[in-house]
Amino acid sequence: MAKRFSADKYVAGILAGDRVMLSRAITLVESRLASDLELAQEVINQVLPHAGNSVRIGITGVPGVGKSTFIEAFGNYLIQEQGKRLAVLAVDPTSQRTGGSILGDKTRMESLSTNPQAFIRPSPAGKSLGGVTRSTRESILLCEAAGFDAVIVETVGVGQSETAVHAMVDFFLLLMLAGAGDELQGIKRGIMEMADAIAITKADGENAMKAKAARAEYQNALHLYPMAASGWLPKVSVCSALEPSGLDTIWQSVSDYLKLSQQNGFFEKKRRDQNLQWMYEAIRQGLEENFYSHQQVQEQLPGIARQVQEGQKSAFAAAAELLKLV
Ligand SMILES: Nc1nc2c(ncn2[C@@H]2O[C@H](COP(=O)(O)OP(=O)(O)OP(=O)(O)O)[C@@H](O)[C@H]2O)c(=O)[nH]1
Ligand SMILES: [Mg+2]
């Protein structure tokens, strides 16, 4: 088992901005060991009063859209031009399959990964989406307590992970490509509706003109959506992570959004709602884990499942029977 410290020691290290301690605390909240759970919760509880002081930005887009390259460029911009200290986290539902992670390719984030103002943490491998999102959310709090005032959470836009990331950030940025068509990009309408900004990336060289045309199209499409509860009209812009260009416009959108939502109270309300949402999510997960780890359930489930499959028992009767065991 990995080395563990007292909660006080983790907390003191984090508050002092000790990156090694921050990393170890994140490892602790990522742990699935029952024996780590209590310690992790104690650490989280103690850092909670020191957390919350960052802008949390979610970034999504299909594989290959340029997320890693964008985060490298945008991250450097935030540090150099906006004086931010940046933490980059990831929710990667595919890491279970590949054993890798979306932030594994540190070559795409070469300068960021060696920058003392940046902290990059890959997505934990081998966990369920629920497990990953829980630990990512808690990692945000740890990073904030360690003094990082900008947090980027990256996810691949292919499954349910965007919804989970959307539920843990203040601002959600969708990266798109020009001329690929929504279908091709695998972006569902629901994801476009979640976006606070869309950035059409790789707007360089021959692609620059197409990107500008796409910007107008997306901006028009967004006008057709009902006004968001925040009162914010999502912005569409073009950028290039290679040049780099357009990064200041994207940051301008983020700061305009923050200003508006802080003034009209939506920022606070959203964070409170998110907290509550995560409580219910934790309850749901806890109930589920409890259920499946119950000894009698483990013994009886396979047999009952077979009966359901073979039509000898109704699905609902079977569920009720199993639920009664716990
Ligand atoms: N021309 C151009 N190419 C880019 C730009 N950004 C990324 N690329 C290229 O696009 C390819 C994919 O970039 P990544 O940053 O790895 O994309 P990703 O979205 O992180 O991909 P996954 O991690 O597989 O989901 C690479 O070959 C990059 O060099 C850009 O702004 N302009
Ligand atoms: Mg990547």
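The structure presented is a predicted model; accordingly, all values stated were derived computationally and were not measured.

**Q** Any chance you could explain helix α14 (residues 295–309) here in plain terms?
**A** Residues lying three or four places apart along an α-helix face the same way, a consequence of the helix completing one turn every 3.6 residues. The end-to-end C-alpha distance of α14 is 22 Å, a good match for the 21 Å that 15 residues give at a rise of 1.5 Å each. Of all the bends found along α14, the most pronounced is centred on Leu301 and spans about 40°, while Pro302, a proline, follows it within four residues. Looking one or two places after α14, you find Gly311, whose phi comes out positive at around 75°.

**Q** I'm lost on the packing of aromatic side chains in this one. Help?
**A** Across all of its chains, the model carries 7 aromatic pairs by this definition. The interplanar angle of 15° and the centroid separation of 6.1 Å between the aromatic rings of Phe74 and Tyr77 together place this pair among those described as stacked. Of this pair, Phe74 and Tyr77 both sit in helix α4 (residues 67–82), 3 residues apart, which is roughly one turn of that helix. As far as the burial class goes, Phe74 and Tyr77 line up, both buried. Centroid distance Trp232 to Tyr257: 5.5 Å. Interplanar angle 85°. Geometry classified as edge-to-face. Of the two residues, Trp232 sits in the loop between α11 (207–223) and β7 (235–238) while Tyr257 sits in helix α12 (residues 247–263), which places them 25 residues apart along the sequence. Put simply, the rings of Phe70, Phe74 and Tyr77 touch in pairs and so form one group of aromatic residues. Lying across the ring of Phe148, Arg85 places its NZ or CZ 4.3 Å from the centre.

**Q** Is there a simple way to think about the packing of α14 against helix α15 (residues 315–323) in this case?
**A** How two helices sit against one another is set out by the angle between their axes and by the gap between those axes. At a minimum axis distance of 10 Å, the contact between α14 and α15 shows a crossing angle of 170°. In terms of their interaxial angle, α14 and α15 are classed as roughly antiparallel. Taken together, the residues of α15 that come into contact with α14 (itself represented by Val297, Gln300, Leu301, Ile304 and Val308) are Ala315, Ala318, Glu321 and Leu322. Taken together, the residues of the contact of α14 with α15 sort by class into 7 nonpolar, 1 polar and 1 charged.

**Q** Would you mind going over a nonpolar patch on the surface with me for this structure?
**A** Taken together, the side chains of Leu276, Met279, Tyr280, Ile283 and Leu287 define a hydrophobic patch exposed on the protein surface, amounting to about 520 Å² of accessible area. Mapped onto the elements, Met279 comes out in helix α13 (residues 266–293).

**Q** Would you mind going over the pattern of salt bridges with me for this structure?
**A** In a structure, side chains of opposite charge can pair up when their charged atoms sit close to one another. Evaluated as defined, the whole model comprises 10 salt bridges. The residue Arg56 makes a salt bridge to Glu144 at a minimum N-O spacing of 2.7 Å. Separated by 88 residues along the polypeptide, Arg56 in strand β1 (residues 55–61) and Glu144 in helix α7 (residues 129–145) bring together distant segments of the chain. Judged by relative accessible area, Arg56 falls into the buried class, the value being 6%. Among the residues examined, Glu144 registers a relative accessible area of 4% and is labelled buried. Glu138 is paired through a salt bridge with Arg134; the nearest N and O atoms lie 3.7 Å apart. One end of the pair is Glu138 and the other is Arg134, both in helix α7 and 4 residues apart, which spans about a single turn.

**Q** Mind showing me how you'd approach the pairing of strand β4 (residues 150–156) here?
**A** Side-chain positions along a regular strand alternate between the two faces of the sheet. With 7 of its 7 residues buried, β4 lies for the most part within the structure. As paired elements, β1 and β4 share 7 bridges and run parallel to each other. Among the inter-strand pairings, Val55 is bridged to a residue of β4, identified as Ala150. Direction of pairing for strand β2 (residues 86–91) relative to β4: parallel, over a ladder of 6 bridges. Paired with Ala87 across the strands is Val151, a residue of β4.

**Q** Help me understand the sheet that holds β2 in this model?
**A** Strands in a sheet are paired, the pairing made by backbone hydrogen bonds, and the direction either parallel or antiparallel. Taken in spatial order, the 7 strands of this open sheet run β3-β2-β4-β1-β5-β6-β7, and their pairing is parallel. What marks the edges here is a single partner per strand, and that holds for β3 (118–120) and β7. Taken over all neighbouring pairs, the strand axes of this sheet differ in orientation by 20° on average, direction set aside.

**Q** For this particular structure, what's the right way to read unusual backbone geometry?
**A** Leave glycine aside and you will find that most residues have negative phi; peptide bonds, for their part, are mostly trans. A cis amide bond, omega -20°, links Glu243 with the succeeding residue Pro244. The phi dihedral of Lys202 is positive, around 60°, even though this residue is not glycine. Examined against the element boundaries, Lys202 turns out to sit in the loop between β6 (197–200) and α11.

**Q** Hey, could you run me through the side chain of Lys270 in this one?
**A** The topology assignment puts Lys270 in helix α13. There is no salt bridge for the buried Lys270, and the closest opposite charge comes from Asp196, which lies 4.2 Å off by N-O distance. Each residue touching Lys270, except ones within four places of it in the same chain, is listed here: His166, Val169, Asp170, Asp196 and Tyr257.

**Q** Please explain the domain arrangement of the chain as it appears in this structure.
**A** One widely used convention gives an interface's size as the accessible area the parts lose upon coming together. Each assigned domain of the chain is listed with its residue range as follows: domain 1 (1–50), domain 2 (51–264) and domain 3 (277–323). Every contact between the two is made by 21 residues of domain 1 and, on the other side, 23 residues of domain 2. Overall, the association of domain 1 and domain 2 removes approximately 1800 Å² of surface from exposure, summing both partners, and the carbon and sulfur fraction of that is 56%. Area buried by domain 1 at its contact with domain 2 is led by Arg19, Leu22 and Glu30, which between them contribute 31% of it.

About the cut-offs
Residues numbered from 1 in each chain as written. Chains lettered and ligands numbered in written order. Predicted model: local features only at pLDDT ≥ 70, side-chain atom pairs only at ≥ 80, totals over all residues. Heavy atoms only, no water. Helix = DSSP H or I, 4+ residues; strand = E, 2+ residues; numbered from the N terminus. Expected span 1.5 Å × (residues − 1). Bend = angle between axes of the 7 residues up to and from the residue. Phe/Tyr/Trp six-rings, centres within 6.5 Å; stacked < 30°, edge-to-face > 60°. Buried < 20%, exposed > 50% of the residue type's maximum accessible area, 1.4 Å probe, protein only. Lys NZ or Arg CZ within 6 Å of the ring centre and 35° of its normal. Axes fitted to C-alpha atoms, helices over the stretch in contact; angles between N-to-C directions. Parallel < 35°, antiparallel > 145°, perpendicular 65-115°, else oblique. Contact = heavy atoms within 4.5 Å. Nonpolar A, V, L, I, M, F, W, Y, C, P; charged D, E, K, R; others polar. Patch = residues over 30% accessible without salt bridge, like charges linked within 9 Å, V, L, I, M, F, W, Y side chains within 5 Å. Areas by Shrake-Rupley, 256 points an atom, 1.4 Å probe, with all protein chains shown as cover. Salt bridge = Lys/Arg side-chain N within 4 Å of Asp/Glu carboxyl O. Pairing = 2+ DSSP bridges. Lys, Arg positive; Asp, Glu negative; His and termini not counted. Domains from an automatic or database assignment. Buried area = accessible area lost by both parts, 1.4 Å probe.

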